[in-house]
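Here are the chains, one letter per residue:
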Amino acid sequence: MASPKSNPKARVLVVGSCSIDMIVQVGRIPSIGETVIGGKFHSAGGGKGANQAVSAARAGASVEFVGRVGRDDFGKNIVAGLKADGIDVSRIQVDPREPSGIAFIFVGGGGENSIAVASGANLRLVPGDVSRAGSSFKKGGTLLVQLETPLAVVSAAVSLARKRGMRVILNPAPARALPDALLRKVDIITPNEHEAESLTGVKVDGEEAAGRAADCLHGRGVGTVIITLGARGAFVSSGSGGSLVPAFKTRAIDTTAAGDVFSGALAVALAEGRPLLEAVRFAQAAASISVTRIGAQPSAPGRAEIERLLKRTA
Ligand code: RIB
């Protein structure tokens, strides 16, 4: 159901992946060749694109999703799950050839994870799917993209959003090389430290290094860089020096999708006109709640819960 606090002005369009996550929660993540028993199984909606869409919807935006599922029960469940969160699923195509995306996730005792993805229909998304969804690219809206779908699709979506006067947020996950021509069209990029290192070659092991990585991304054309640093917080830079926004203190059970929840909530806060640092704090509040729960989509908090945490810690 759409949040009753839905702000019709906060419009978020997500072009990206959607999957079903098969999660095994274990004491510790097995190493190669090792078997660890005694785990607990969960399955839930996942995929970075769909997770960000759910995060944005629960944080209060009106959300449309462009993606592909397979002609299977997983696909039906993915679509039903998004619909239940009030997300417009009319732009989701059913692929005739590939199955729905599936991710296998180990979650260790400290909340850390290890993920393998069988992308399936997510890699069958084509630039034509973006053009078919052309009327969803509306001036004043926000486009949210990630890297679990083909780069040609990400580029097509970013270019169209740019043309239509939308804000473009790229969560560059999972890490891969990106052309400057794409980065130049991105308003805000939200890598974690590993993705920032893979994009810039700078090992992000602290605030000073985060500043150098951010400068490198500015040099390649990105306006605002937000490097998420896990329990330390987020380094935010708009070109003229950056600052660290400290994280909320929390005990992590499962960090899966913390970055997705962050990006989805950030998109909403910015779309509602909050200043950048305030929007980052809103996103951090959402992410810090999400890590206290198991699963990607089940862990995304609602608007009221985010506001409560912000109020409690003001
Ligand atoms: O970012 C977390 C997501 O990555 C999981 O939901 C899984 O589906 C993988 O895509």
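Residues numbered from 1 in each chain as written. Predicted model: local features only at pLDDT ≥ 70, side-chain atom pairs only at ≥ 80, totals over all residues. Heavy atoms only, no water.

S.K.: Residues and numbers for the site of the ligand, please.
M.R.: If you check the shell around the ligand, you find Asp21, Gly46, Gly47, Lys48, Asn51, Ala103, Ile115, Glu148, Thr256, Ala257, Asp260 and Ala296 and nothing else. Separating an oxygen atom of the ligand from a side-chain N or O atom of Lys48 is a distance of 2.8 Å. Take Asp260: an N or O atom from its side chain is 2.7 Å from an oxygen atom of the ligand. Burial of the ligand by the protein chains amounts to 97% of its free accessible area of 280 Å². Here the residues of the shell around the ligand are counted per class, giving four nonpolar, four polar and four charged. (Near = heavy atom within 4 Å. Polar contact = N/O pair within 3.5 Å; in protein donor to acceptor, adjacent residues only side chain to side chain. Areas by Shrake-Rupley, 256 points an atom, 1.4 Å probe, with all protein chains shown as cover. Nonpolar A, V, L, I, M, F, W, Y, C, P; charged D, E, K, R; others polar.)

S.K.: Just give me the short version of the pattern of salt bridges, but keep the residues and values in it.
M.R.: All told, the structure shown has 18 salt bridges when counted by the stated rule. Here Arg274 makes a salt bridge to Glu307, at a shortest N to O gap of 3.3 Å. With a gap of 33 residues between them, Arg274 in the loop between helix H8 (258–271) and helix H9 (276–290) and Glu307 in helix H10 (residues 303–312) connect regions that are remote in the sequence. Among the residues examined, Arg274 registers a relative accessible area of 18% and is labelled buried. Within this structure, Arg68, Asp95, Arg124, Asp129 and Arg132 form a network of salt bridges that share partners. (Salt bridge = Lys/Arg side-chain N within 4 Å of Asp/Glu carboxyl O. Helix = DSSP H or I, 4+ residues; strand = E, 2+ residues; numbered from the N terminus. Buried < 20%, exposed > 50% of the residue type's maximum accessible area, 1.4 Å probe, protein only.)

S.K.: So what's going on with the pairing of strand S4 (residues 62–70)? Which residues, and what values?
M.R.: With eight of its nine residues buried, S4 lies for the most part within the structure. Judged from the five bridges that link them, strand S1 (residues 11–15) and S4 form a sheet pairing that is parallel. For Val15, the partnering residue across the bridge sits in S4 and is Val66. Sheet topology places S4 next to strand S5 (residues 88–95); six bridges connect them, and they run parallel. Opposite Val69, over in S5, you have Val94 as the bridge partner. Tracing the backbone out of S4, into helix H2 (residues 73–84) and back to the parallel element S5 gives a crossover that is right-handed. (Pairing = 2+ DSSP bridges. Right-handed = clockwise from strand over helix to strand, strands pointing away.)

S.K.: I'd like a description of the side chain of Thr142, backed by residues and values.
M.R.: The topology assignment puts Thr142 in strand S8 (residues 142–145). Under the relative-accessibility criterion, Thr142 is labelled buried at 0%.

S.K.: Account for the confidence of the model for the chain, naming residues and giving values.
M.R.: Chain-level pLDDT for the chain is 96 on average; 97% of the residues reach the 70-or-more range. The model gives residues 1–7 a pLDDT under 50, and that stretch makes 13 contacts with residues more than four places away or in other chains. (pLDDT = per-residue confidence, 0-100. Contact = heavy atoms within 4.5 Å.)

S.K.: Could you give me a rundown of unusual backbone geometry, with the residues and numbers involved?
M.R.: Residue Pro174 is reached from Ala173 by a cis peptide bond, and omega for that bond is -5°. Along the chain, the position of Pro174 falls in the loop between strand S9 (167–170) and helix H5 (180–183). Of note in the backbone geometry, Ala257 takes a positive phi value of approximately 75° without being a glycine. Position of Ala257 among the secondary structure elements: in the loop between strand S13 (242–246) and H8. Owing to a relative accessible area of 11%, Ala257 belongs among the buried residues under this scheme.

S.K.: Describe the sheet that holds strand S6 (residues 101–107), with residues and values.
M.R.: Taken together, the four strands give an open sheet; going across it, the order is S3-S2-S6-S7, and neighbouring strands pair in mixed fashion. Taken across any chain shown, the strands that pair with only one partner, and hence form the sheet edges, are strand S3 (40–46) and strand S7 (113–118). If you compare each strand with its neighbour and ignore which way they point, the axes differ by 20° on average. Pairing of strand S2 (residues 19–25) with S6, which is carried by seven bridges, proceeds in the parallel orientation. The residue bridging Asp21 from the neighbouring strand is Ala103, located in S6. Most of the contacts of H2 go to S2, to which it runs at about 95°, and overall it touches S2 and S6. (Axes fitted to C-alpha atoms, helices over the stretch in contact; angles between N-to-C directions.)

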